[in-house]
Amino acid sequence: MKKHDIVYLTEDASHDAAIEIINEEAFGPGRFVRAAARIREQGPHDRSLSFICADDGETIASVRMTPVTAGPVKGHLLGPLAVRPSHKNRGIGRELVRIAVEAARRKGSEAVILVGDPPYYQPLGFEKVHYGALEFPGPVDPARVLVVPMAADVHARLSGVIRWRDDSAAPVAELAVEAQAEGAAA
């Protein structure tokens, strides 16, 4: 029996080609027309919250996190999550989800949202979003919209359009507000 050298790493640009192959194997060409893909097309995912699993140096699984707003909630959209067929049913996908959710929690995300199978994701801490609470840029089965709430009253605030969020602009805006406040105080 072969010993596996399984490691989990933060995604970087060198993983892109392998991730594309893994997602093509898992989801086929239909992956580009899904509502979650429409959100991901709006802007880049957050590499600092996206992870891969490698076995003996070969990338065999990945999960990505995309910054989103879901109504007033600032969260992350989890997905795609995919594992090569040769490595399925070993807990690799669940571990990638656990790592990504915890990284989002540490970064201050209010929620991690996804469209997925409740029997797979609910044991990982995901809960159903209220029926019809979120508007996606395409059809979704409302029973498959799930969330890990990480802030107070997320379920109550989770409503409206879900869209990509530009995190790169936030620090600049915050600095401008701070500079105005300092100027007013002087």
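Predicted model, so just to flag it, every value in this text is computed and none were measured.

Topic: the overall build of the protein chain
Part 1: Tallying secondary structure elements over the protein chain gives six helices and nine strands in all.
Part 2: Considering the protein chain as a whole, with its 186 residues, one finds that 40% of them fall into the buried category.
Part 3: Put simply, of all contacts in the protein chain between residues at least 6 apart along the chain, 70% involve residues at least 24 apart.
Part 4: Counting every atom, the protein chain has about 9900 Å² of accessible surface; 56% of that belongs to carbon and sulfur.

Digging into the side chain of Ser109
Part 1: Note on placement: Ser109 falls in the loop between helix H3 (92–106) and strand E5 (111–115).
Part 2: Within the local environment of Ser109, its side chain forms a polar contact with the backbone oxygen of Ala111, the two atoms lying 2.9 Å apart.
Part 3: Apart from residues lying up to four places away in sequence, Ser109 is in contact with Lys74, Gly75, His76, Ala104 and Met150.

Quick look at the side chain of Ser62
Part 1: Following the sequence through the fold, Ser62 ends up in strand E3 (residues 58–70).
Part 2: Classification of Ser62 as buried rests on a relative accessible area of 1%.
Part 3: Ser62 has contacts with Ile19, Phe51, Ile52, Pro80, Leu81, Ala82 and Leu96, leaving out every residue within four places of it along the chain.

A closer look at the pairing of strand E8 (residues 145–149)
Part 1: Judged by how many residues are buried, E8 sits mostly within the fold: four of five residues are covered.
Part 2: Two elements, E5 and E8, share five bridges in a ladder whose sense is antiparallel. Directly across from Val115, in E8, lies its bridge partner Val145.
Part 3: Sheet topology places strand E6 (residues 127–128) next to E8; two bridges connect them, and they run antiparallel. Across the sheet, residue Glu127 finds its bridge partner in E8, namely Val147.

Calculation criteria
Residues numbered from 1 in each chain as written. Predicted model: local features only at pLDDT ≥ 70, side-chain atom pairs only at ≥ 80, totals over all residues. Heavy atoms only, no water. Helix = DSSP H or I, 4+ residues; strand = E, 2+ residues; numbered from the N terminus. Buried < 20%, exposed > 50% of the residue type's maximum accessible area, 1.4 Å probe, protein only. Contact = heavy atoms within 4.5 Å. Areas by Shrake-Rupley, 256 points an atom, 1.4 Å probe, with all protein chains shown as cover. Polar contact = N/O pair within 3.5 Å; in protein donor to acceptor, adjacent residues only side chain to side chain. Pairing = 2+ DSSP bridges.

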